[in-house]
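Here is what each chain is made of, one letter per residue.
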Amino acid sequence: MTVAGRYVGQSVRRQEDPRLLTGHGRYVDDIVVPGMLHAAFVRSSVPHGLLRGVDTEAARALPGVAAVLTAAELHPGLHPMWQTMMGQDAPAAPFRPLADADVRYVGDPIALVVVESRYIAEDAAELVVADIEPLPPVLDTSAALGDTASLVHPELGSNLAGELPAAGSPELDAAFASAALVATETFHQHRYACVPMETRGLVAQWDPAGEQLTVWAATQGPHEFRAICGRVLGLPEPRIRVIMGDVGGGFGQKMFPMREEIAVVAATRQLGRPVKWIEDRNENLLGGGHAREEQMTVSVAADDAGHFTGVRVEQLENVGAYPFPGNGSTAMAGSMIFPGPYRIPALSYAARAVYTTTCGRCAYRGPWMMETVAREQMVDLLARRLGMDPLELRRRNVITAEDLPFTTASGMVYETVSPAQTLEQAAELIGYDAFRREQAAERERGRLLGIGLALYIEPSQSFGPLGTDGATVRLEPDGRVALVMGTASHGQSLETTMAQVVAEHLGCDLGDITFVQGDTAYVPYGAGTGGSRSAVVAAGAARQAALALRERIVTLAAAVLEAAPSDLEVASSAVGVRGDPASALPFAKLAGLAYFGHAALPEGAPVALEVTERFKAPPFTFSNACHAATVEVDATTGQVSILRYVVSEDCGVMINPMVVEGQIAGGVLQGIGGVLYEHMVYDGDGNPLTTTFLDYLLPTAAEAPAIEYGHVETASRLPGGAKGMGEGGAIASPPALANAINDALAPLGIHLTRQPMSPAAIVAALTP
Amino acid sequence: METQVAQVAMTVNGTPRRATVEPRKTLADTLREDFGLTGTHLGCEHGVCGACTVLVDGAAIRACLMFAVQADGSEVVTVEGLAPAGGGLSAVQRAFREEHGLQCGFCTPGFVVSLTAYLRDHPMPSGAELRDALSGNLCRCTGYQGIIAAARRAAGGMEDQ
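Residues numbered from 1 in each chain as written. Chains lettered and ligands numbered in written order. Predicted model: local features only at pLDDT ≥ 70, side-chain atom pairs only at ≥ 80, totals over all residues. Heavy atoms only, no water.

J.: A description of the packing of aromatic side chains should follow, citing residues and the corresponding values.
T.: All names here are of chain A. Counting across every chain of the model gives twelve aromatic pairs over all chains. With 5.6 Å between their ring centres and 80° between their planes, Phe308 and Tyr342 make a pair best called edge-to-face. Remark: Tyr342 occurs in the loop between helix 10 (331-337) and strand 15 (347-355) and Phe308 occurs in strand 14 (residues 308-320); sequence separation between them is 34 residues. By the burial criterion, Phe308 is buried, and Tyr342 matches it. (Phe/Tyr/Trp six-rings, centres within 6.5 Å; stacked < 30°, edge-to-face > 60°. Helix = DSSP H or I, 4+ residues; strand = E, 2+ residues; numbered from the N terminus. Buried < 20%, exposed > 50% of the residue type's maximum accessible area, 1.4 Å probe, protein only.)

Here it is as structure tokens:
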């Protein structure tokens, strides 16, 4: 364990809490701009069809209606859209703010109604009549692949959104040819969604005289929002100011502005008046972006001792009609991360992504997580075929400390991971062996108890455009500290944890720091809060800037004290000669000298007490964890009760353990929700059936198990030793739970490979 | 279409307030737009998520499901009205901070108001009763761990089960 610092490593209570607890947060729906209009969308009620006409006359006649915009009015003059992460030259993903000649999913925005009040906006939207000639929906991914008659995007000539061809090898062929056992299974994951408690929304204001656009947005990345506005509207980025206040969760959904947000920005520019759009929950579930729907076929070759000798993977993803970002495929990331915590000598990974006439896929907490969902279920299935306990099979294949540094079959290099330690810690914490004995005894009495494990290795994504972040640290004239960052914290507690890092390394009191983020006019460029990047990239920037400012303050103090900088120490917002507390100069005194009393300073003493640094991270920093769950399945009702839930996590040096555990818990409940409750259902005709919280079931406090934590702390090679961990909770929980359920059902000879594992699904499997 | 309007008067967080509203205007929108109390959040507008929970004559209600005209003459308390007059946090709010019972904070006002009303009426709840009481509010960030711990702390350190 690393020794905790004064602030780093402490469960400091959050700076952001008092305002959020008393109703004084400032979310986008709280923004009111003089003259502001309200937008509502008219959406398609059919999954696929030709748009023969849109009658807007009655809506336009309603008092208070400023405009009704269809594609014909809104689109002229708009430029192509692309996300920075995908690059300008990525294969063109279909994009248009509003439907024009046809509609491609239920919820496809057809028109934008802009009105004096939100209530009348919804009245007006109801008066718009769209004449749609239905076409056959495109729903089945396998069938859609070969279908050239029914195309989601006719202009592309195919429903294939993306393809990653298999890259086999002679080693892989040899592994399969000589295997003692080859097991193959296809795992299905259903469609579920991010569902932040705050829906999407923005207020956009165009200043025609200054040709400046201001956007207040619920976003995970104000700079990316700005970049996309700049591309679509053809505006210079400095002419666009994107401001985020408090944001009510995102989980990936708010990483990139989607069609509706872009339509509102285009409308405000066209109308020259501020426009607000707050998505309602029905819209959010219908069209705010979906995730997870895919299937993965895994073939494992193993020797007679159960050692993996090779793996073949085939993935089929349903990316809906308009995915974000890019073509919505996660295959590239999945192919790199698939080997995870195991020694897999040879691997091939092939994938196809398919467009369907459903809501597009968006990023969701660990977007590539099917690799872990399928891999960990496959380990349990292989263990069953081998007649071996899944814990033992994992022990035989897991990467150990002696294996490091380890290069995976996909080329990832691990230096500081500890999957074997987290496996043993989780097994110990949950009392694995004792549970097996209890399980055997209870099976005799007819109770269905099960235990499931899942290991994973989580990459902090800091490659390409995600690789740097910036921080400005400024000593203000009163000796207090402004910390200005390119982050976009929307629940991740960065206002607290980044201040902890700065206080630790600058040597100031935590209470002296004020954190500022989320205004592109003032903050350093940031790639957005997502991808488990913050503890690595943002904290790296905060630390680097704090150390640079500290050096400058020490240089100033050395000049004033006529001492060598090396003889000085910084503590509690003061600098003095080591061993001579009476010599200490408070930061306020030094700031006063630099800003106001500089005439008295010796030549060369620094007066610029403001530092901006950018931190450049390595492409990946890996954390790891093991989840362990025990469950009981009721054979009559199909109800799954989670008895215990344990997570052993190694995210390196924890900046704030309380925040780390909060991130784990939130992710785990999202995974539990996915396996047991949440299901975005389309019927056979392509109509969404779960567009309210009465149909789309989120877990509540009554369903939440008590989560138990174990920590292994292996410092990363980064300065500070941190690793990212924001997504892992949602990545490993689905397979841990699926494995526990299947372990419980094992005496009945049942092995489920499809989610959700709802009571109905389990009862159906139990019914011959 | 002629728009009807109605006058409403209510006491909100101890202060008499008046507004002219359409009969279809919800109490939540009236609190937010007419009275500037934006701590009451709208997460679903169909009565499930509980983010808009406020007290009307002492009872915890969903302000998205009540029209402002129905609250005419009532005593309304929102999340802004729970903290002590001199500043600081209420016992429930302090417990949420202490136990990391919030992350993004969007659902938080609803939880705080709901729990405040529940503990007022049930000073000695069991752990299971607390979980049940909290199950009318949705949170997507915390996995409910910090919220349940905060509820126990605010209830006086009651043990679960």
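So that's the structure; there's more coming.
J.: A description of the domain arrangement of chain B should follow, citing residues and the corresponding values.
T.: Residues and elements named next belong to chain B. In terms of domain boundaries, chain B breaks down into domain 1 (6-81) and domain 2 (91-154). Measuring from the centre of the C-alpha atoms in domain 1 to the corresponding centre in domain 2 gives 21 Å. Together, the buried faces of domain 1 and domain 2 total about 1100 Å²; carbon and sulfur atoms form 61% of this surface. Between the two partners, domain 1 and domain 2, sit zero salt bridges. Our enumeration of links across domain 1 and domain 2 arrives at five residue pairs in polar contact (both at pLDDT 80 or more). Counting residues per element, the ones that place at least two in the side of domain 1 that touches domain 2 are strand 3 (53-56) and strand 4 (59-62). (Domains from an automatic or database assignment. Buried area = accessible area lost by both parts, 1.4 Å probe. Salt bridge = Lys/Arg side-chain N within 4 Å of Asp/Glu carboxyl O. Polar contact = N/O pair within 3.5 Å; in protein donor to acceptor, adjacent residues only side chain to side chain.)

J.: Give me the lowdown on the interface of chain B and chain A, citing residues and values where you can.
T.: Each side of the interface is counted separately: chain B has 46 residues, and chain A has 55 residues. Both faces combined, the contact of chain B with chain A buries some 4200 Å², and carbon together with sulfur accounts for 58% of it. Interface area lost by chain B to chain A is led by Arg97, His100 and Arg140 of chain B, which between them contribute 20%. The interface formed by chain B and chain A contains five salt bridges. In this structure, Asp123 of chain A and Arg24 of chain B form a salt bridge, with 2.7 Å as the shortest nitrogen-oxygen distance. Counting across the interface, chain B meets chain A through 27 residue pairs in polar contact (both at pLDDT 80 or more). (Contact = heavy atoms within 4.5 Å.)

J.: If you had to explain the packing of helix 2 (residues 91-98) of chain B against helix 5 (residues 145-154) of chain B to someone new, which residues and values would you point to?
T.: All names here are of chain B. Close contact between helix 2 and helix 5 brings their axes to 8 Å; oriented N to C, the two are set at 135°. Between helix 2 and helix 5, the crossing angle belongs to the class labelled oblique. Between helix 2 and helix 5 lies a crossing of right-handed hand. For the pair helix 2 and helix 5, the contacting residues are Val92, Ala95, Phe96 and Glu98 in the first and Ile147, Ala150, Arg153 and Ala154 in the second. (Axes fitted to C-alpha atoms, helices over the stretch in contact; angles between N-to-C directions. Parallel < 35°, antiparallel > 145°, perpendicular 65-115°, else oblique. Left-handed = near helix turned anticlockwise from the far one by under 90°.)

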